[in-house]
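As a plain string of letters, each chain reads:
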Amino acid sequence: MGETVPEKAQGAIRHGGNLGKARLMFPEAPEPWIDLSTGINPHSYPHSPVPASAFARLPEPGAAEELKQLAAAHFGAPSASHITLSPGTQMLMPLLAQIALSRGAKSGAVLSPAYAEHARTARMAGLIVTEVENLGDLSAHDYAVVVNPNNPDGRVTDRDALLSFADSMRGKGGLLVVDEAFVEAGGAESLANAADHDALVVLRSFGKFYGMAGVRLGFAIAHPDTTAALDARLGPWAVSGPALHIATEALADEEWQSSMRLQLAKEALRMNDLLKKAGLEIAGGTSLFTLVRDKRATALFDHLGKRGILVRVFDERPSDIRFGLPGSEAEWQRLEAALLSFNHASKV
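Residues numbered from 1 in each chain as written. Predicted model: local features only at pLDDT ≥ 70, side-chain atom pairs only at ≥ 80, totals over all residues. Heavy atoms only, no water.

A look at the packing of aromatic side chains
Evaluated as defined, the whole model comprises 10 aromatic pairs. Considering the side-chain rings of Tyr45 and Trp256, the 5.1 Å spacing of their centres and the 90° angle between planes classify their relative orientation as edge-to-face. A residue pair is termed long-range when its members are at least 10 positions apart, and Tyr45 in the loop between β1 (34-35) and α3 (52-56) and Trp256 in helix α11 (residues 254-277) qualify at 211 residues. Taking relative accessible area as the criterion, Trp256 reaches 11% and is therefore assigned buried. Arranged with centres 4.7 Å apart and planes meeting at 15°, the rings of Phe206 and Tyr210 form a pair that is stacked. Classification of Phe206 as buried rests on a relative accessible area of 1%. With a relative accessible area of 2%, Tyr210 lands in the buried category. (Phe/Tyr/Trp six-rings, centres within 6.5 Å; stacked < 30°, edge-to-face > 60°. Helix = DSSP H or I, 4+ residues; strand = E, 2+ residues; numbered from the N terminus. Buried < 20%, exposed > 50% of the residue type's maximum accessible area, 1.4 Å probe, protein only.)

As C-alpha cells, then:
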C-alpha cells in the first residue's frame, strides 16, 4: 500500500498551479519556483499585442462570430452554430449537467480516474454521480463523461466505441460529454466532426496546448440545439475581448501549431528518459504531462518541493505523481539534479 499524503500537501494536490500554497508549504525553497503541477504547455503562444480597445470596450458580437467560424473549421465541426464559446471549459461542466437534468437525466457517471471537476460540478448541478473504471459501466446512467485522452494517465478511448455509446445515450435521451482538453497532445481521435449527434458534446480547451490558461477560453462542440441552450445560460459577452483577439490569431496559425506539436513530442521523450533514469516507473501520459507510479510518491513530492519544484500528487491515489514539462533549459537542469539526488538518497 502507498504512503498517505501528508496533511500539508492536501491543498496543493486538489488542483495544480497553486504556487502561493506551495510557498507556504515549503518556505525555505529556492526561487524561482518551477511549476510542473499542471499539464499546460510552458511555451505559450506568441500573440501580437492586444489592442487597447479590447480592454476598453465590450466585445463586438462579430468578433465572437469570427472565432466561432474559425473554431468550426479548425476543429472540424459542421458549422459555427455547433460551437459555443465559454470563459474556460470549467464553466461549461455544470451547465451541461443542468441541460441533462432538463432532459430528464437522474444519474451521471465519469470514466475515472479523471479530472475531478467533472464529477464535482455534475453533483453540484443536482445529479447523483458515480465514478466507474470501464466504459460499459457508464451505460446505466443518463449523463456520462469521458476524458479523451485522459488526465492524468493519458488513457485513449476508441472513437467508434464512443460514437456507439453516444447512439445508446440518444436512445434514452441521455448525454455523453467527451472532454478533449489534451487531444492536441495525445493519440485520441477527435469527435468534433460528429457534433450533429444530439446526444454528444465535445469540450475543447484553449489554455492547455496554447499555454494560455489565464486567457480562460473553452469551446463546446455540439448539436445546435445544445449550443443554443449553453449560449442562453452563458449570456452575452461570455468571452473577453482580449481572449477573442488572442484565440483568433492562434487558431489560424497552423505553422506554429505544427512546430509546437513536434517540440512537445521531443520534450515528452526527454521527460520520460529523465524519469526512468531516476528509477521511476512511467504509468502513462501525453506530450504535455507524464504520470509516474511509485510508492515513494509522497516522499518525492516533499523532496522536490523543498527544492522549489511543484508536481501534482493525488490524495485518492497516493502512489501517483504527475509531471508537466519544464519551460527552459535551466529548469530541466534543476529537475534532473533534484530527481537524481532523490534516487541516490532512496538507495542509501
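Some remarks on the sheet that holds strand β10 (residues 289-293)
One open sheet accounts for 4 strands, arranged β9-β10-β13-β12; its pairing is antiparallel. Pairing within the sheet leaves two strands with one partner each, and these edge strands are β9 (282-285) and β12 (312-313). Running at roughly 20° to β10, α11 makes contact with β9, β10 and β13 (320-324) of the sheet. Its contacts with the sheet place helix α12 (residues 297-305) against β12 and β13, and it is angled at close to 35° to β13. (Pairing = 2+ DSSP bridges. Contact = heavy atoms within 4.5 Å. Axes fitted to C-alpha atoms, helices over the stretch in contact; angles between N-to-C directions.)

Re the nonpolar core
Considering soluble globular proteins, one finds that nonpolar side chains tend to be buried as a cluster. Counting 80 residues, the largest nonpolar core has Leu176, Phe206, Phe219, Phe323 and Leu339 as its most contacted members. Leave out the neighbours within four places in its chain, and Leu339 touches Leu274, Leu275, Ala278, Leu280, Leu300, Leu304 and Phe323. Core analysis: the next-biggest nonpolar cluster, separate from the first, contains 23 residues, Ile99, Ala105, Val145 and Leu203 among them. (Core = buried A, V, L, I, M, F, W, Y, C linked by side-chain atoms within 4.5 Å.)

Side note on the packing of helix α5 (residues 92-102) against helix α9 (residues 224-234)
Axis separation between α5 and α9 bottoms out at 10 Å; the angle between their running directions is 120°. Our classification of the angle between α5 and α9 gives oblique. With respect to the hand of their crossing, α5 and α9 are arranged in right-handed fashion. Each of Leu92, Leu95, Leu96, Gln98, Ile99 and Ser102 in α5 lies in contact with α9, whose residues at this interface are Thr226, Ala229, Leu230, Arg233 and Leu234. Class assignment for the residues of the contact of α5 with α9 results in 7 nonpolar, 3 polar and 1 charged. (Parallel < 35°, antiparallel > 145°, perpendicular 65-115°, else oblique. Left-handed = near helix turned anticlockwise from the far one by under 90°. Nonpolar A, V, L, I, M, F, W, Y, C, P; charged D, E, K, R; others polar.)

Some remarks on the pairing of strand β3 (residues 107-111)
Most of β3 is tucked away: 5 of the 5 residues are buried. Of the two faces of β3, the one holding Ser107, Ala109 and Leu111 and the one holding Gly108 and Val110 are both buried throughout. Two elements, β3 and strand β4 (residues 128-132), share 5 bridges in a ladder whose sense is parallel. From the neighbouring strand, Ala109 faces β4, where its bridge partner is Thr130. Handedness of the β-α-β unit built from β3, helix α6 (residues 117-125) and β4 comes out right-handed. (Right-handed = clockwise from strand over helix to strand, strands pointing away.)

Details of helix α4 (residues 61-75)
Because each turn of an α-helix spans 3.6 residues, side chains separated by three or four positions end up pointing in the same direction. An ideal rise of 1.5 Å per residue puts 21 Å on 15 residues; α4 measures up with 21 Å between its terminal C-alpha atoms. All of the buried residues in α4 are Leu67, Lys68, Ala71, Ala72 and Phe75. Take α4 and look down its axis: the buried residues cluster within an arc of 140°, on one side only. Next to the buried residues of α4 lie β2 (83-86), β7 (200-205), β8 (218-222), α9 and α10 (241-252). (Expected span 1.5 Å × (residues − 1). Arc of directions from axis to C-beta.)

Quick look at the environment of Phe301
The topology assignment puts Phe301 in helix α12. The spacing of Phe301 and Gly171 is 130 residues in sequence and 46 Å in space, taken between C-alpha atoms.

Focus on the UniProt feature "domain: Aminotransferase class I/classII large" (unreviewed entry) in the chain
In the numbering used here, UniProt assigns the feature "domain: Aminotransferase class I/classII large" (unreviewed entry) to residues 53-335. With 42% helix and 19% strand, residues 53-335 has end C-alpha atoms that lie 42 Å from one another. (UniProt positions renumbered as here; feature names shortened; annotations may be inferred.)

What to know about the sheet that holds strand β5 (residues 143-147)
Reading across the sheet, the 7 strands line up as β2-β8-β7-β6-β5-β3-β4 and stay open at both edges, with mixed pairing between neighbours. The open sheet has two edge strands, β2 and β4, and neither has a second partner. Strand-to-strand, the axes of this sheet are offset by a mean angle of 20°, without reference to chain direction. Where β3 meets β5, 3 bridges bridge the pair, whose relative direction is parallel. Pairing of Val110 across the sheet is with Val145, part of β5. Set on the sheet, α4 makes contact with β2, β7 and β8; between it and β2 the angle comes to about 120°. Across the sheet, α6 is in contact with β3, β4, β5, β6 (175-179) and β7; its angle to β4 comes to roughly 160°.

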